[in-house]
Every structure is written in structure tokens, then in C-alpha cells.
Amino acid sequence: MTITITAFERSPDGGRGLARDTRVRWALEEVGQPYKVRLVSFEAMKEPAHLALHPFGQIPTYEEGDLALFETGAIIFHIANHHAGLLPDDANARARAITWMFAALNTVEPPILERESARLLEGDKPWSKERMPLVEDRIRNRLNQLFDHLGDADWLDGAFSAGDLMMVSVLLRLKSSGILDEFPDLAAYVSRGEARPAYQRAFAAQLAVNKPPAG
Ligand SMILES: N[C@@H](CCC(=O)N[C@@H](CS)C(=O)NCC(=O)O)C(=O)O
């Protein structure tokens, strides 16, 4: 059955791979599933046809036959559950990998997104400069805890899993902040994720959409 995802017609990050379709593309590449992409404009994302797929008017969405999903956590869990390669066979290891997916989305991503909102939406407020160190220290706290867990392992729990895919995707949003560089072992963990051929293919595919025309 054909899989179709949605992505920005023009991503605000200009193809740096930070739009969340990249993590879905990455999961599909890891499990070797071909997919189609329907590009949507910001206007189209708020129109009824797209809202029927995604009640919050966002990307990405995932369609396969009569199934339509939104939320990258749910989409990647669905992909990992139906195709080999992203979740271990052992039941306990599988549950732990899923736990790491949730940890990435519920525990690590929120302070990172908070920093983005603080910069983009509150940067001009008189109290913004005073608040930012607090926001950034909340990220550092999480990174310290993550580093304590990871130690010198390559991946969070044994072999690479959907938990790592989600965690690396979340941490990638910090790349330009300088904060990740304060944690060289976590920066190396992210680089290991980026070096995976499946990630490279996913990155190239989203860049191809967003690359400025030559000349
Ligand atoms: N929690 C959602 C977040 C989705 C999300 O924030 N998508 C962004 C692109 S990365 C978006 O569509 N932004 C435009 C908007 O919210 O209007 C997920 O993981 O799928």
C-alpha cells in the first residue's frame, strides 16, 4: 500500500532537516519503505482538507490505505511496529525502546522547544534576556541526565532503535545553539545518527524540496 506523508512546500529552516517530516522520512528509510510526499503550503495546512488529516493544522501526516495519522511519535511508532528494523524483538527491550521515544518527545523536546519559542516569540520582550539563561539551563539539565545515562554507549539501549531515532531528531534542533557542543559525547551521539545511510537519504530528500533554485 502506498505511504504518503506531508511536508512543508517551503520549510522555514530552508532544508536543514529540522522540520518534522525528516524524522518520518528517516524512519521509513531505516525500514526500507518507499513513500510519496505531498507538499503543503502554510495556507493549505489550515484548510479543511488538511485539517481532516491533522486537527492542529501541522505537518507531517501519514496516509496508508484508509489509515491517516498525525504526530510524529504515533507515526514512527506505527512504522516501527509494522516493519522490522526499528524495535527489538525481545518484549522488554522493545518496551524500553518505546520508552525512549516517549522520553525524547515528552522530557527532552519540551525545554528545547521552549527555547525556540522564547527566541522567536518573546525575543523582543524587555524580560527576554533575563529569562533565556533559565530556559537554557533547563535544557542543560536534561542533557546532563541524558549524558549520565548514555555514558560511552553508542545508543540508548543496545542496538539503534526508534528511541534513538527520536532522540537524535530532537537533539538536532540544538545544533546551531552551541549548547550541544557543551556535551561532546552527546554531540557524537547525534553525529552517529546523522551518519546513518537512512538519515542521509532522508536529509537529502527534504533538502531537494527546499534547495534554492540554482543560478
Ligand atoms: N507534536 C507534533 C508537532 C508538529 C509540528 O510542530 N509541526 C510543525 C513543523 S515541524 C508545523 O507544522 N508547524 C506549523 C504550524 O504549527 O502552523 C509532531 O511531533 O508531529
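What comes next concerns the included structure. Along each chain, residue indices are assigned from 1 in the same order as the chain's sequence is written. Local features in this predicted model are restricted to residues of pLDDT 70 or higher, and side-chain atom pairs are both shown and tallied only at a pLDDT of 80 or more, whereas totals for entire chains, interfaces and linings draw on every residue. Hydrogens and water molecules were not included; the side-chain quantities draw on all heavy atoms of the structure.

## Re the pairing of strand S2 (residues 36-40)
Thinking step 1. Note: strand S1 (residues 3-8) against S2, 5 bridges, orientation parallel. Paired with Thr4 across the two strands is Lys36, which belongs to S2.
Thinking step 2. Between the parallel elements S1 and S2, the chain passes through helix H1 (residues 21-30) in a crossover that is right-handed. Pairing between strands is defined by DSSP: at least two bridges between the two strands are required. Runs of E in the DSSP output that reach at least two residues are strands. Runs of H or I that reach at least four are helices, and both are numbered from the N terminus. Assignment of crossover handedness uses the view with strands pointing away from the viewer, where a clockwise path from the first strand over the helix to the second indicates a right-handed crossover.

## Side note on the pattern of salt bridges
Thinking step 1. Salt bridges are identified by distance alone: a Lys or Arg side-chain nitrogen within 4 Å of an Asp or Glu carboxyl oxygen. All told, the structure shown has 16 salt bridges when counted by the stated rule.
Thinking step 2. Across the pair Arg196 and Glu30 runs a salt bridge, and its minimum N-O distance is 2.7 Å. One end of the pair, Arg196, is in the loop between helix H8 (184-195) and helix H9 (197-210); the other, Glu30, is in helix H1, and 166 residues separate them in sequence.
Thinking step 3. A relative accessible area of 17% places Glu30 in the buried class.
Thinking step 4. For Lys175, the salt bridge identified is with Glu194, shortest N-O distance 2.8 Å. Taken together, the residues span a long stretch of sequence, with Lys175 in the loop between helix H7 (162-172) and H8 and Glu194 in helix H8 at a distance of 19 residues.
Thinking step 5. Classification of Lys175 as partly exposed rests on a relative accessible area of 45%. Relative accessibility decides the category of a residue: with a 1.4 Å probe and only protein chains considered, values under 20% of the type maximum give buried, values over 50% give exposed, and everything between is partly exposed.

## Focus on the packing of helix H4 (residues 72-82) against helix H5 (residues 91-122)
Thinking step 1. It is at 11 Å that the axes of H4 and H5 come closest, and there the two elements cross at 160 degrees. Between H4 and H5, the angle is such that the two are roughly antiparallel. Handedness of the H4/H5 crossing: right-handed. Here Thr72, Gly73, Ile76, Phe77, Ala80 and Asn81 of H4 come into contact with H5, specifically with Arg94, Ile98, Met101 and Leu105.
Thinking step 2. Residues that form the contact of H4 with H5 fall into these classes: 6 nonpolar, 3 polar and 1 charged. Geometry is summarised by axes, namely lines fitted to C-alpha atoms with helices restricted to the contacting stretch, and by angles between N-to-C directions that run from 0 to 180 degrees. Throughout this description, any angle smaller than 35 degrees is read as roughly parallel, any larger than 145 degrees as roughly antiparallel, any in the 65 to 115 degree range as roughly perpendicular, and the remainder as oblique. Put simply, a crossing is left-handed when the front helix is turned counterclockwise from the back one by less than a right angle, and right-handed when it is turned clockwise. In this description, contact between two residues means that some pair of their heavy atoms is separated by no more than 4.5 Å. Amino acids outside the nonpolar list (Ala, Val, Leu, Ile, Met, Phe, Trp, Tyr, Cys, Pro) and the charged list (Asp, Glu, Lys, Arg) are all regarded as polar, and Gly is one of them.

## Quick look at the nonpolar core
Thinking step 1. Counting residues in hydrophobic clusters, the biggest one holds 51 residues, and the most contacted among them are Met167 and Leu171.
Thinking step 2. Contributions of two or more residues to this core are made by S1, H1, H4, H5, helix H6 (128-150), H7, H8 and H9.
Thinking step 3. Apart from residues lying up to four places away in sequence, Met167 is in contact with Trp100, Ala103, Ala104, Val108, Leu146, Leu156 and Tyr189.
Thinking step 4. Remark: nonpolar core denotes a set of buried residues (Ala, Val, Leu, Ile, Met, Phe, Trp, Tyr, Cys) joined through side-chain atoms within 4.5 Å. Within the second largest apolar cluster, 5 residues are counted, among which are Phe8, Ala19, Val40 and Ile59.

## As for the pairing of strand S3 (residues 61-64)
Thinking step 1. Where burial is concerned, the two faces of S3 agree: the one with Thr61 and Glu63 and the one with Tyr62 and Glu64 are both buried.
Thinking step 2. In terms of strand pairing, S1 meets S3 through 3 bridges, oriented antiparallel. Among the inter-strand pairings, Thr4 is bridged to a residue of S3, identified as Glu63.
Thinking step 3. Two strands pair when backbone bridges link them, and S3 and strand S4 (residues 67-70) are joined in this way by 4 bridges, in the antiparallel orientation. The partner of Thr61 across the bridge, within S4, is Phe70.
Thinking step 4. Where S3 folds back onto S4 in an antiparallel hairpin, the turn is made up of 2 residues, including Gly65, whose phi is positive at roughly 60 degrees.

## Comments concerning the sheet that holds S3
Thinking step 1. Spatially, the 4 strands line up as an open sheet ordered S2-S1-S3-S4, and their pairing is mixed. Edge positions in the sheet fall to S2 and S4, since each of these pairs with one other strand and no more. Along the sheet, successive strands turn relative to each other by an average axial angle of 20 degrees, direction set aside.
Thinking step 2. Strands S1, S2 and S3 of the sheet are contacted by H1, whose axis makes an angle of about 150 degrees with S1.

No statement about biological role is implied by the geometric values presented.
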